[in-house]
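One letter stands for each residue in the lines below.
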Amino acid sequence: FLFLYGCTYTSEITIELTKIIHHNSDLIKKITFGNYRMKNMTDLPPLFLERLHTIIPLEYLPQVQKSFSLPAPVTVRINTLKTSIDKILQTLTDRGMAFTRIPWMDEALILSPGEIDLQDLIEEGLLYRQGLSSMLPPLILNPQSGESVLDMCAAPGSKTTQMAARMQNQGHLLAIESVRQRYY
């Protein structure tokens, strides 16, 4: 029986990602994302900043704080239950859409900024818009076909649907969300 509590993994994963970003800052600088840019750290709620100071090691704190003013990437996950990675890559190429493959997850893509029209692919369930950090817990858990998984931090369903795909829709997946505001 596997147990996933996404919120628990998040702080540990954030720290590990911060280390990776810190050591690969030149690679990160080459990637440009969307339009949104936070003006400065005072745009963040004081309670959030206080919490950051308690969970992020001091040597990584400036880099993490700086990351909040960077534009957010547009990331998607290919739904391998409905299509293949090769088919989606070909479709995006045929449409002239630029993307970056994620080396640690074959079905994840960062889309280049600009006019991104994927609504048809999303409505068909071929692509799912999902943040990279949200893709990490199911990747680490690595549920297999036939296993049982309890997801206790399930809304809005990104990690849950990713686990279903990793399990090839074979097994038991119980998704629970106790915070009503997280539903949409």
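Within each chain, residues carry numbers counting from 1 in the order of the written sequence. Confidence filtering applies because this is a predicted model: local features only for residues at pLDDT of at least 70, side-chain atom pairs given and counted only at 80 or more, and all residues used for totals across whole chains, interfaces and linings. Note that the side-chain values use all heavy atoms of the structure and ignore hydrogens as well as water.

### Some remarks on the environment of L44
Selection criterion: Labels follow the DSSP assignment, with helices taken as runs of H or I lasting at least four residues and strands as runs of E lasting at least two, numbered in each case from the N terminus.
In this fold, L44 is placed in the loop between helix 2 (25-30) and helix 3 (46-55). Spatially, the C-alpha atom of L44 lies 8.7 Å from that of F68, the residues being 24 residues apart in sequence.

### So, the environment of I102
What counts here: Buried, partly exposed and exposed residues are distinguished by accessible area as a fraction of the type maximum, computed with a 1.4 Å probe on protein chains only: under 20%, between the cut-offs, and over 50%, respectively. Only heavy atoms matter for contacts: two residues are in contact if any of them lie within 4.5 Å across the pair.
Mapped onto the elements of the fold, I102 is located in strand 3 (residues 99-102). Accessibility expressed as a relative area gives 6% for I102, which makes it buried. Sequence separation between I102 and L132 is 30 residues, and the spatial gap between their C-alpha atoms is 9.2 Å. For I102, the residues in contact, after removing those within four places along its chain, are A108, L109, I110 and L132.

### Some words on unusual backbone geometry
A155 connects to P156 through a cis peptide bond whose omega is 5°. Mapped onto the secondary structure, P156 falls in the loop between strand 6 (148-151) and helix 8 (158-166). Even without a glycine there, the phi angle at Q168 is positive, about 55°. Positioned with a positive phi, N169 is a non-glycine residue whose angle comes to about 60°. Within the secondary structure layout, N169 lies in the loop between helix 8 and strand 7 (172-175). For N169, a relative accessible area of 54% gives the class exposed.

### Quick notes on the confidence of the model for the protein
Operational definition: Per-residue confidence from the prediction method is given by pLDDT, with values spanning 0 to 100.
Averaged over all residues, the pLDDT of the protein is 79; the fraction at 70 or higher stands at 74%. Averaged pLDDT values for the elements of the protein fall to 41 in strand 1 (residues 2-4) and rise to 96 in helix 5 (residues 85-94). Between residues 1-18, whose pLDDT stays under 50, and residues either more than four places distant or in other chains, the model counts 35 contacts.

### Focus on the pairing of strand 7
We apply this condition: Pairing between strands is defined by DSSP: at least two bridges between them are needed. Crossovers are described as right-handed under a simple rule: with the strands pointing away from the observer, the path leading from the first strand over the helix to the second runs clockwise.
Note: strand 6 against strand 7, four bridges, orientation parallel. Looking at the pairing, D151 lines up with A175 of strand 7. Taken together, strand 6, helix 8 and strand 7 constitute a β-α-β crossover, and its handedness is right-handed.

### Details of the sheet that holds strand 3
Spelled out, the test is: For helices, the axis comes from a line fit to the C-alpha atoms of the stretch in contact; other axes are also lines fit to C-alpha atoms, and the angle between any two N-to-C directions lies between 0 and 180 degrees.
Pairing within the open sheet is antiparallel, and its four strands lie in the order 3-4-2-5. In this open sheet, the two edge strands, each paired with only one partner strand, are strand 3 and strand 5 (127-129). Between one strand axis and the next, the sheet turns through 30° on average, direction left out of account. The pairing of strand 2 (residues 74-78) with strand 5 spans three bridges and is classified as antiparallel. Residue pairing in the sheet places I78 in a bridge with L127 of strand 5. Those strands touched by helix 5 are strand 2, strand 3, strand 4 (105-111) and strand 5, and its axis lies near 20° from that of strand 4. Where helix 7 (residues 132-141) meets the sheet, it contacts strand 2, strand 3 and strand 4, and its direction lies at approximately 175° from that of strand 4.

### Description of the packing of helix 7 against helix 8
Applied cut-off: Whether a crossing is left-handed or right-handed is set by the direction in which the near helix is turned from the far one by less than a right angle, anticlockwise for left-handed and clockwise for right-handed. Classes in brief: Ala, Val, Leu, Ile, Met, Phe, Trp, Tyr, Cys and Pro nonpolar; Asp, Glu, Lys and Arg charged; the others, Gly included, polar.
Where helix 7 meets helix 8, the closest approach of the two axes is 9 Å, and the angle between their N-to-C directions is 35°. For the element pair helix 7 and helix 8, the recorded crossing hand is right-handed. For the pair helix 7 and helix 8, contact is made by S134, M135, P137, P138, L139 and L141 and by S158, K159, Q162, M163 and R166, respectively. Class assignment of the residues belonging to the contact of helix 7 with helix 8 gives a composition of six nonpolar, three polar and two charged.

### Regarding the pairing of strand 2
A large share of strand 2 lies buried, amounting to five of its five residues. In the sheet, strand 2 pairs with strand 4 via four bridges, with the strands oriented antiparallel. Of the residues in strand 4, the one forming a bridge with T75 is I110.

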